Structure formats: structure tokens, C-alpha cells
Amino acid sequence: MSTEPSLRTQQAIDALVYVGAVTLVLFSISALVSFGLGGGWPGVKNLLFVLGFLAFGVAAFQLRPSAPWKDESDTSRDETPFERLTYRVPPLKGTTLPVNDRMRGSTKLFLASLLTLLVSLVMEFGLGIGA
């Protein structure tokens, strides 16, 4: 019996780590810029909203279906540098999920944008951080 998790479990872990990492990077950038410019927590919340919305737009653009007249015979995908970086940290460290078996990067970016927007929303309505 193999101790290797199923393909779906590996894909879910891959997506969760990627989404969490992107959200953490966007939060860190927002905090550094906001506190560096004297905006405090309201600035972090606003920057998170803007960055989340931009990531949403980029991901939505990347998720568009390809044109029917384009040749899509080559379905192999390349690993992005950020994906390669996330595979160096636990729980993904040491796993061997091939790039073509992973969720598309644009899908993971779309999920990360939703989480980033959710964090901004929680900061405003849940924590009461105003404008």
C-alpha cells in the first residue's frame, strides 16, 4: 500500500499553498507600502483591495478560453518561478506532482485574488478598520 496521497489531495495541497503564499506576499507588500507611507492599517486594507482586484483581472484574462482557430496541440505547461518557490517549502517540499497534473496557475491566481479580497473585506467589516 502506497503512503503517497491521492492526485486530488496533492492538487488541493498545491493550490492551498500557492493561494496562501500569494495572499501572504500581497499582504506583506501592502503592509510595507502602507506603513512606509504612514497609511497604517486602513492603507493596508485599501492596498489589499486594489491588489486583489488587479490579480482578479489578470487571472480572469488568463482564464479566457483559447480561440477555436488556434492550434492547442501542445498542452504541456511550464512551471512558473513562483510555483517552483512554493515547492521548496513544507508541505510541498519533496513532493513530485508533475506540472501538467497541477491546477493551472491562472486558476490558483484567481483563487488567491478572491482570498485577498476576502481578507480586505474582513479587515473592513470584521475588524472595523475604516478608510
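Residues numbered from 1 in each chain as written. Predicted model: local features only at pLDDT ≥ 70, side-chain atom pairs only at ≥ 80, totals over all residues. Heavy atoms only, no water.

1. Description of the packing of aromatic side chains
Test applied: The aromatic pairing rule takes the rings of Phe, Tyr and Trp, using the six-membered ring of Trp, and pairs them if the centres are within 6.5 Å, calling planes under 30 degrees apart stacked, those over 60 edge-to-face and the rest tilted. Counting from the N terminus, the helices are DSSP H or I runs at least four residues long and the strands are E runs at least two residues long. Relative accessibility thresholds used throughout: buried, under 20% of the residue-type maximum; exposed, over 50%; partly exposed, between the two (1.4 Å probe, protein chains only). The criterion is that NZ of a Lys, or CZ of an Arg, lies within 6 Å of the ring centre and within 35 degrees of the ring normal, and then a charge sits over that ring.
By the definition in use, this model includes four aromatic pairs. Note on F56 and F110: the rings are 5.2 Å apart at their centroids and 40° apart in plane angle, and the pair reads as tilted. Residue F56 is located in helix 2 (residues 40–62), and its partner F110 is located in helix 4 (residues 105–126); the two are separated by 54 residues in the primary sequence. Assessed through its relative accessible area of 24%, F110 is described here as partly exposed. Counting every residue linked through ring pairs, the aromatic cluster contains F27, F35 and W41. Note that R64 overlies the ring of F61, its terminal NZ or CZ placed 3.9 Å from the centroid. When the ring centre of Y18 is taken as reference, the NZ or CZ atom of K108 above it lies at 4.7 Å.

2. Looking at the environment of A21
Among the structural elements, A21 can be located in helix 1 (residues 7–36). With 62 residues separating them along the chain, A21 and E83 place their C-alpha atoms 9.8 Å apart.

3. A word on the environment of Q10
This is how the line gets drawn: We call two residues in contact when some of their heavy atoms are within 4.5 Å.
With respect to the element layout, Q10 can be found in helix 1. On the accessibility criterion, Q10 (11% relative accessible area) is buried. Counting along the chain gives 92 residues from Q10 to R102, while the straight-line C-alpha distance between them is 8.3 Å. Sequence-distant contacts of Q10, defined by excluding residues within four places in its chain, comprise E4, P5 and L97.

4. A word on the packing of helix 1 against helix 4
Packed helix pairs are specified by the crossing angle of their axes together with the interaxial distance, meaning the distance between the axes. The test is simple: Only C-alpha atoms enter the line fits that serve as axes; for helices the fit covers just the stretch in contact. Angles between N-to-C directions range over 0 to 180 degrees. We call two directions roughly parallel when the angle between them is under 35 degrees, roughly antiparallel when it is over 145, roughly perpendicular when it lies between 65 and 115, and oblique otherwise. In this scheme the handedness of a crossing depends on how the near helix is turned from the far one: anticlockwise by less than a right angle means left-handed, clockwise means right-handed.
The geometry of helix 1 relative to helix 4 is characterised by a closest axis approach of 8 Å and an angle of 50° between their N-to-C directions. Considered as vectors, helix 1 and helix 4 are oriented oblique to each other. The two elements helix 1 and helix 4 cross, and the hand of that crossing is right-handed. Here D14, A15, Y18, V19, V22, T23, L26 and F27 of helix 1 come into contact with helix 4, specifically with G105, K108, L109, L111, A112, L115, T116, V119 and M123.

5. Describing the confidence of the model for the protein chain
Segments scoring low in pLDDT should not have their predicted coordinates read at a detailed level. Note the cut-off: A residue's pLDDT is simply how confident the predictor is in it, with values from 0 to 100.
Looking at the protein chain, the pLDDT average stands at 84 and 87% of residues meet or exceed 70. For the protein chain, the element scoring lowest by mean pLDDT is helix 3 (residues 81–86), at 76; helix 2 scores highest, at 94.

6. Regarding the nonpolar core
To keep things clear, this is the line we draw: Definition used in this section: a nonpolar core is a set of buried Ala, Val, Leu, Ile, Met, Phe, Trp, Tyr and Cys residues joined via side-chain atoms within 4.5 Å.
Among the nonpolar cores identified, the biggest contains 13 residues, and V22, L26, V44, L48, L109, A112 and M123 are the most heavily contacted of them. Of all the secondary-structure elements, those providing two or more residues to this core are helix 1, helix 2 and helix 4.

7. Focus: the pattern of salt bridges
Think of it this way: side chains of opposite charge can pair up when their charged atoms draw near. The test is simple: For this analysis, a salt bridge means a side-chain nitrogen from Lys or Arg found within 4 Å of a carboxyl oxygen belonging to Asp or Glu.
This model, assessed by the stated rule, comprises two salt bridges. With its nearest N and O atoms 3.0 Å apart, the salt bridge here joins D14 to K108. Placement of D14 in helix 1 and of K108 in helix 4 is noted, with a sequence separation of 94 residues between them. Residues K45 and E124 are paired through a salt bridge, measuring 3.0 Å at the closest nitrogen-oxygen approach. One end of the pair, K45, is in helix 2; the other, E124, is in helix 4, and 79 residues separate them in sequence. For K45, a relative accessible area of 3% corresponds to the buried category.

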